[in-house]
Amino acid sequence: MGKPVAQYLHAQMSIRSNIVLRILRHNKQESHTVSAKTPVTIAYGDGIGPEIMEATLKILDAAGAAIDKEVIEIGRKVYEAGHSAGIPPEAWESLRRTKVFLKAPITTPQGSGYKSLNVTIRKTLGLYANVRPCRVYSPFVRTLHPDMDLVIIRENEEDTYAGIEHRQTDQVVQCLKLISRPGCEKIVRYAFEYAVKHGRKKVSVLVKDNIMKLTDGLFHQVFKEIAEEYPGIQTDSWIIDIGAARLADTPEIFDVMVMPNLYGDILSDIAAQITGSVGLGPSANIGENIAMFEAIHGSAPPIAGQDIANPSGLLLAAVMMLVHLDDPEPATAIHNAWLKVIEEGIHTVDVYTEKGSRKKVGTKEFAEAIIKRLGTTPETLAPVKYEKLDRDLPTHEEMRPTTRPRAKKDLVGVDMFLDWNAGTPDELGTKLSKVDSGPLNLVMITNRGVLVWPKGMPETFCTDHWRCRYLSPDTNNPIIKHEDIINLLGKARAAGFDFIKTENLYNFDGHPGYSLGQGQ
Ligand code: NAD
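About the criteria used
Residues numbered from 1 in each chain as written. Predicted model: local features only at pLDDT ≥ 70, side-chain atom pairs only at ≥ 80, totals over all residues. Heavy atoms only, no water. Near = heavy atom within 4 Å. Polar contact = N/O pair within 3.5 Å; in protein donor to acceptor, adjacent residues only side chain to side chain. Nonpolar A, V, L, I, M, F, W, Y, C, P; charged D, E, K, R; others polar. Helix = DSSP H or I, 4+ residues; strand = E, 2+ residues; numbered from the N terminus. Core = buried A, V, L, I, M, F, W, Y, C linked by side-chain atoms within 4.5 Å. Buried < 20%, exposed > 50% of the residue type's maximum accessible area, 1.4 Å probe, protein only. Domains from an automatic or database assignment. Contact = heavy atoms within 4.5 Å. Pairing = 2+ DSSP bridges. Axes fitted to C-alpha atoms, helices over the stretch in contact; angles between N-to-C directions. Left-handed = near helix turned anticlockwise from the far one by under 90°.

### Focus: the site of the ligand
So, point 1. What surrounds the ligand is a group of 18 residues, the closest being Ile106, Asn118, Gly298, Ala300 and Asn310.
So, point 2. Backbone polar atom of threonine 108 to an oxygen atom of the ligand: 3.1 Å apart, as the coordinates give it.
So, point 3. Within the side chain of glutamate 294, a nitrogen or oxygen atom sits 3.2 Å from a nitrogen atom of the ligand.
So, point 4. Each residue belonging to the shell around the ligand can be placed in one class, and the counts come to eight nonpolar, seven polar and three charged.

### Describing the environment of glutamate 387
So, point 1. Secondary-structure assignment places glutamate 387 in the loop between helix H12 (363-372) and helix H13 (396-399).
So, point 2. Spatially, the C-alpha atom of glutamate 387 lies 8.4 Å from that of aspartate 327, the residues being 60 residues apart in sequence.

### Concerning the nonpolar core
So, point 1. Counting residues in each nonpolar core, the largest one holds 77 residues, and the members touching the most others are Leu60, Leu102, Ile153, Phe293, Met321 and Trp338.
So, point 2. Looking at which element gives the most residues to this core, the answer is helix H10 (residues 312-324), with 10 residues.
So, point 3. A domain-level breakdown of this core finds at least three residues from each of domain 1 (1-130 + 277-382) and domain 2 (149-274).
So, point 4. The contacts of isoleucine 153, once residues within four sequence positions are left out, are Asn130, Val131, Ile187, Tyr190, Ala191, Tyr194, Val256, Met257, Val258 and Met259.
So, point 5. Counting 23 residues, the second-largest nonpolar core is a separate cluster that includes Val414, Trp420, Trp453 and Ile480.

### Description of the sheet that holds strand S10 (residues 256-259)
So, point 1. Strands sit in the order S2-S1-S3-S12-S11-S4-S5-S10-S8-S9 across an open sheet of 10 strands; the sheet is mixed. Every interior strand has two partners, whereas the edge strands, strand S2 (67-72) and strand S9 (234-239), have only one. Pairs of neighbouring strands in the sheet enclose a mean axial angle of 20 degrees, with direction left out of account.
So, point 2. Together, strand S4 (129-135), strand S5 (149-155), strand S8 (202-207), S9, S10 and strand S11 (282-286) form the strand contacts of helix H6 (residues 181-197), whose direction differs from that of S5 by roughly 160 degrees.
So, point 3. Lying on the sheet, helix H7 (residues 215-227) is in contact with S5, S8, S9 and S10; it crosses S8 at an angle near 165 degrees.

### Brief notes about the packing of helix H11 (residues 328-343) against H12
So, point 1. The contact between H11 and H12 brings their axes to 8 Å, and the two run at 120 degrees. The crossing of H11 and H12 is right-handed. Two secondary-structure elements touch here, H11 through Ile334, Ala337, Trp338, Val341 and Ile342 and H12 through Phe366, Ala369 and Ile370.
So, point 2. Class assignment for the residues of the contact of H11 with H12 results in eight nonpolar, no polar and no charged.

### Things to note about unusual backbone geometry
So, point 1. Cis geometry is found at the peptide bond from serine 138 to proline 139, where omega equals 5 degrees.
So, point 2. By secondary structure assignment, the location of proline 139 is in the loop between S4 and S5.
So, point 3. Of note in the backbone geometry, lysine 99 takes a positive phi value of approximately 70 degrees without being a glycine.
So, point 4. Following the sequence through the fold, lysine 99 ends up in the loop between helix H4 (89-98) and strand S3 (100-103).
So, point 5. One non-glycine residue, aspartate 159, lies in the positive phi region at around 70 degrees.
So, point 6. Relative to the assigned elements, aspartate 159 resides in the loop between S5 and strand S6 (165-167).

The quantities given are spatial measurements derived from coordinates; they are silent on function.
Structure, rendered in structure tokens:
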């Protein structure tokens with residue numbers, strides 16, 4: 001069943017527009033609209049953060065952006081004050097109230113006691129889509145890829161970024177990669193909606209589903225399903241390794257790219273870097289209710305306080321914020337003035353070249369140059385024109401993942417993981433075969449995923465971390481009970497084995513919900 005084609009960015013309708021609409025609805029007799037400033041939470045951050053935020057806000061003010069700034073403190077000082085997440089409770093209140101966050105980079109202290117503030121904010125506020133436009137400004141900013149103009153849409157909440165890690169044996173640690181169908185649906189639909197709204201032609205998906213058939217396989221499957229709802233958008237799919245290679249070599253073949261969290265993290269930095277400077281890249285983190293806008297780069301401590309940092313990444317993020325707030329006029333004016341400055345060769349040191357630049361400027365002078373050019377348009381670079389909303393907004397309900405009937409789930413076996421360091425795979429197989437496993441049969445043992453019993457290869461290197469798979473031998477009725485697993489664990493423990501975890505094996509609607517062993 002198709003969903004209406006509409007743009008989700010604008011579904012996050014501005015509080016200001018809402019206020020205007022509500023007043024109009026309330027008092028239909030009134031012929032004039034009442035405007036109000038939109039409250040926006042602002043964080044100046046660490047390192048170069050305060051300088052680039054000052055420059056950005058000065059330009060926003062000069063362009064007449066109607067925002068009410070609510071400043072919060074996050075980052076280094078807050079970490080040092082004892083908040084291990086880097087954000088105090090009152091800052092959360094501001095974010096939940098304004099629902100829009102313009103954030104300068106912060107410094108994450110080294111050491112295991114501190115949590116990444118960015119990951120905490122994204123996940124806590126449900127900012128599931130990380131949007132990074134990566135375009136070049138050739139010939140004014142040096143790049144090897146003059147035709148590159150793409151947008152990376154990275155899933156922001158799932159994957160290995162759940163941060164669920166365990167040391168399980170002396171030798172082996174693990175990190176859980178969690179991918180959910182609703183998570184895939186939200187980000188993939190967002191990517192297609194973004195393409196429609198921004199007049200983009202193609203959406204590419206990048207996954208590694210030749211190896212991770214269930215996790216990345218689900219992402220790819222959902223992509224194929226949702227693509228059918230958007231017949232006007234071309235699609236293609238890439239295995240992440242060759243896709244990354246093509247991105248670094250021939251980025252002009254890509255338009256909108258959508259991918260799981262970890263790949264998106266890595267590829268979006270590569271993409272930003274090859275446009276010419278990480279100092280240029282903006283990003284938006286979009287959720288159902290709240291959105292955060294920031295530069296892609298960090299706090300650059302070595303150049304902090306010297307008035308040399310490039311404020312462009314944060315400024316262009318602020319432009320994305322104004323578009324999100326449905327305030328297209330200042331967004332257009334700022335973006336065009338910025339393009340004009342870039343094409344006039346007025347550059348900060350990170351972008352400056354003898355050949356391509358005319359004047360090297362500091363952060364403040366760069367901002368002044370933009371302010372002077374507000375109202376002008378670039379001559380060589382293509383000018384931008386942001387528009388007011390021109391069609392009905394989708395509701396949050398429409399953007400929500402589809403509800404499907406739950407699959408029939410049957411327990412058919414168990415993977416019992418052991419910490420064992422007392423011999424060869426064959427010796428382990430022989431010992432385990434003597435354990436009374438009730439209605440379950442030991443069918444294979446793998447080590448780091450590779451089949452080592454029965455009939456393993458002597459060349460395979462084995463650690464102390466073993467997966468022992470038990471299934472029912474009855475193929476007509478393979479369903480087992482949880483008690484069968486508990487019984488197995490009890491018997492294995494009585495035989496002296498150290499089981500470190502189990503994974504239940506389920507069939508969903510009769511199809512195995514687990515992967516085979518490599519070599520099985
Ligand atoms: P970084 O992005 O701060 O710096 C990388 C390089 O790019 C440095 O050479 C730096 O001088 C240069 N650079 C970055 N932004 C620039 C700008 N606007 N103008 C000119 N040059 C610029 O990355 P890093 O050094 O790995 O990290 C520094 C700190 O920032 C760390 O504490 C890290 O955790 C933090 N960080 C924060 C965020 C964020 O808040 N969103 C993102 C990334 C890193």
